[in-house]
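Listed below, chain by chain, are the residues.
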Amino acid sequence: MIMHSPPMISSLINALPKAELHIHVEGTLEPELILEFAKKNKVQIPYNSVEEIKKAYRFKNLEDFLNLYYSGLRVLKDEDDFYTLTMNYLERANENNIRHVELSFDPQAHTRRGVKFEDVIEGIHSALKDGKKKYGISWLLILSILRDLSVEDAMQTLSKAEEYKDIIGAIGLDSSEFGNPPSKFKKVFEKAKTLGFHRVAHAGEEGPPSYIHEAIELGVERIDHGIRAIEDEKLMQELGKMRIAFTLCPLSNLKLNVVKSLENYPLREFSKAGIMVTINSDDPPYFGGYINKNYEEVAKALDLKPEEIIEIAKNSIIASFAPERRKREILRKINKVEKNYLDNT
Ligand code: ADE
Ligand code: ZN
């Protein structure tokens, strides 16, 4: 029986309306755009072609990747660049049938090199508004704090977020994990809660399971990655009881050597423990694929059943910060795809 053949699984994945909850706008910078912006803004880069850029995308670990990521985003200079970057992602999001996106951005990576916070956020915001009109993609913006910078810097950035409270929906925590545990930002996350922001944090990507525990203590509502929870049975049980969501990024984990292969990717173990697993793309051009490719590669490696794939898509909506009405609207569409699929197999 060819019920779960790869083409059928691919078309199911594509047909499913999804939310993307873990995606860095700066991480959607395609090589073509790097070249275009470098030329326009007269920024020196060590590459002359798309091929040369792609060749550089071999990473030993997170640190290795982040060096390239921060170097690449130097080509972004003005509001128009941030608009173009975001619009380019939304076009691909639409092709991947993403109906709701929670987009992270790293303002400190721009303000520290002299780009105005206002230009960053206005460019991204204009594109999100246009993307909603053009593609019907609803959105929430996550301001991500760079954990390798100081708490004072984070507090100043949070003040900026407060000025843009009508645009920014959540505060996140990313960048170099080792040596920068979530507890370092206790004050920042307490203030973020008082101000009424949702809170998320990268934890247990490269850092130990104790960082995931600390992120929970900070009061985060979702864990970005969380993959190393698999090493701590007791922690897994706690997380499962809470029904916390993990925003997993399989191709990112593979490229950064967080996992050796996707055949042992612990998605089912997380799910069995009660954790709400979602699949996302993190920094797609750097890691070799947008959201559908991430779904497909995991589905293939773990031989996921259609019901499991549908459940992951539903989780992405349930674990999002979208208004309840919007969640119900997308879930109804998923139910239709599910019914259609079952009727035809
Ligand atoms: N910033 C962009 N991508 C990241 C990742 N995978 N981990 C931490 N910080 C990031
Ligand atoms: Zn990330």
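Check the entry above for the structure.
So, how was this worked out
Residues numbered from 1 in each chain as written. Chains lettered and ligands numbered in written order. Predicted model: local features only at pLDDT ≥ 70, side-chain atom pairs only at ≥ 80, totals over all residues. Heavy atoms only, no water. Pairing = 2+ DSSP bridges. Helix = DSSP H or I, 4+ residues; strand = E, 2+ residues; numbered from the N terminus. Axes fitted to C-alpha atoms, helices over the stretch in contact; angles between N-to-C directions. Contact = heavy atoms within 4.5 Å. Parallel < 35°, antiparallel > 145°, perpendicular 65-115°, else oblique. Left-handed = near helix turned anticlockwise from the far one by under 90°. Nonpolar A, V, L, I, M, F, W, Y, C, P; charged D, E, K, R; others polar. Salt bridge = Lys/Arg side-chain N within 4 Å of Asp/Glu carboxyl O. Buried < 20%, exposed > 50% of the residue type's maximum accessible area, 1.4 Å probe, protein only. 1 Å grid on protein atoms, 1.4 Å probe; cavity = no way out; pocket = protein on both sides within 12 Å on 5 of 7 lines; lining within 4 Å. Points joined across faces, edges and corners; volume = space filled by probe spheres on them. Donors = N, O, S within 2.8 Å, 3.2 Å for Na, K, Ca; no water. Tetrahedral: all angles 85-135°; square planar, octahedral: opposite > 155°, others 65-115°.

Before going further, it helps to examine the sheet that holds strand β5 (residues 198-203). One open sheet holds the eight strands; their spatial order is β1-β2-β3-β4-β5-β6-β7-β8, and the pairing between them is parallel. Where the open sheet ends on each side, the last strands, each with one partner, are β1 (18-24) and β8 (276-279). Direction aside, the axes of adjacent strands within the sheet are offset by 25° on average. Each of β3 (138-146) and β4 (168-174) is contacted by helix α8 (residues 151-163), which is oriented at about 155° to β3, the strand it contacts most.

With that settled, consider the packing of α8 against helix α9 (residues 186-194). For any two helices packed against each other, one specifies the inter-axial angle together with the distance between the axes. At a minimum axis separation of 9 Å, α8 and α9 run at an interaxial angle of 15°. In this view, α8 runs roughly parallel relative to α9, as classed from their interaxial angle. In terms of crossing hand, the pair formed by α8 and α9 is right-handed. Contact residues: α8 offers V151, A154, M155, L158 and E162, while α9 offers K187, V188, K191 and A192. Here the contact of α8 with α9 is built from residues that sort into six nonpolar, no polar and three charged.

Side-chain pairs of opposite charge can arise whenever the charged atoms involved come near each other. Under the criterion given, the structure shown has 17 salt bridges. Of the charged contacts, one joins E231 and R228 as a salt bridge, the two residues approaching to 2.7 Å between their closest N and O atoms. The exposure class assigned to E231 is partly exposed, which follows from its relative accessible area of 49%. Judged by relative accessible area, R228 falls into the partly exposed class, the value being 23%. Beyond isolated ion pairs, a larger network of salt bridges with shared partners links K40, D78 and D81.

The subject of this paragraph is the layout of surface pockets. Looking at the largest pocket, its volume works out to about 190 Å³. Lining the largest pocket are 10 residues, and of these P6, I9, E296, A299 and K300 lie nearest its centre. For the lining of the largest pocket, the secondary structure elements donating two or more residues are α1 (6-15) and α15 (291-302). A total of four residues in the lining of the largest pocket trace back to one element, the largest contributor, which is α15. Each residue belonging to the lining of the largest pocket can be placed in one class, and the counts come to four nonpolar, two polar and four charged.

For I312, the position within the fold is in helix α16 (residues 306-318). It is 36 Å that separates the C-alpha atoms of I312 and D153, two residues lying 159 residues apart in sequence.

Following the criterion strictly, the structure yields two cavities of 30 Å³ or more and no others. There is about 100 Å³ of room inside the largest cavity. Considering each element in turn, the lining of the largest cavity owes the most residues, five residues, to helix α4 (residues 62-72). Its residues assigned to classes, the lining of the largest cavity comprises seven nonpolar, four polar and five charged. Taken as a whole, the second largest cavity holds about 30 Å³ of empty space. Mapped by element, the contributors of at least two residues to the lining of the second largest cavity are β3, β4 and β5.

For the zinc ion (ligand 2), the protein coordination sphere consists of H22 (NE2), H24 (NE2), H202 (NE2) and D282 (OD), at 2.0 to 2.2 Å. One can describe the donor arrangement at the zinc ion (ligand 2) as irregular, given that its four donor atoms subtend angles of 84 to 174° at the metal. Here the donor residues of the zinc ion (ligand 2) share one chain and are spaced in sequence as H-x1-H-x177-H-x79-D. With H22 in strand β1 and H202 in strand β5, this residue pair connects regions lying 180 residues apart in the sequence. Of the two residues examined, H22 and H202, each falls in the buried class.

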